[in-house]
Amino acid sequence: MQRGSDRLSVHRDDEMKHELQGLLRSGHPTRTEEWHDPEPSAEDDPEVWGGPVVPGSPLASLAVVRLELARFLGRGSFPAGPGALVVALRREHAPDALVDAVRELPHTQRYGNVQQLAEALVDARR
């Protein structure tokens, strides 16, 4: 029997298919125990279903813009100017609207961290 890189046995694989069968057919959780179901989103969770957060949009508070930037920029990206940050955002496949917003910042400015960059973006869009 050749298993390759498969970590599960055939029996466990069949068991997992059986466990998911009700969910796949009904489109919603079918378990009776609530603790198996995923938790609903909290009130302070960022809105992800509306697409990427763009500075200047109604949902673009400082905290949300900072979170969106931090998803794509690490500590190694700073300190840097807008040109280097655009390159880093492109490398991480950031949304075009976010890249364009950073590109529009003054080229002489340098940002030491995500907080400074988010503040500049939010202030520039007001």
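Residues numbered from 1 in each chain as written. Predicted model: local features only at pLDDT ≥ 70, side-chain atom pairs only at ≥ 80, totals over all residues. Heavy atoms only, no water.

(A) Geometry of the nonpolar core. The biggest cluster of nonpolar side chains holds 24 residues, and the ones touching the most others in it are L69, L73, L85, L117 and L121. Broken down by secondary-structure element, the contributors of at least two residues to this core are α2 (62-72), α3 (82-91), α4 (96-103) and α5 (114-124). The biggest single contributor to this core is α5, with six residues. With sequence-adjacent residues up to four places away left out, L73 is seen in contact with F78, L85, A88, L89, V114 and L117. (Core = buried A, V, L, I, M, F, W, Y, C linked by side-chain atoms within 4.5 Å. Buried < 20%, exposed > 50% of the residue type's maximum accessible area, 1.4 Å probe, protein only. Helix = DSSP H or I, 4+ residues; strand = E, 2+ residues; numbered from the N terminus. Contact = heavy atoms within 4.5 Å.)

(B) The arrangement of α4 in detail. Listed as buried for α4 are L98, V99, A101 and V102. Buried positions in α4, seen along its axis, are confined to an arc of 160° and lie on one side of it. Its buried side turned inward, α4 meets α2, α3 and α5. (Arc of directions from axis to C-beta.)

(C) Focus on the pattern of salt bridges. Going through the model one piece at a time under the given rule, you end up with four salt bridges. The closest approach of N and O atoms between E15 and R12, which form a salt bridge, is 3.0 Å. Separated by three residues within a single helix, E15 and R12 lie in helix α1 (residues 10-26), roughly one turn from each other. The exposure class of E15 is partly exposed, given its relative accessible area of 42%. Among the residues examined, R12 registers a relative accessible area of 32% and is labelled partly exposed. Residue R71 pairs with E68 through a salt bridge whose shortest N-O separation is 2.9 Å. (Salt bridge = Lys/Arg side-chain N within 4 Å of Asp/Glu carboxyl O.)

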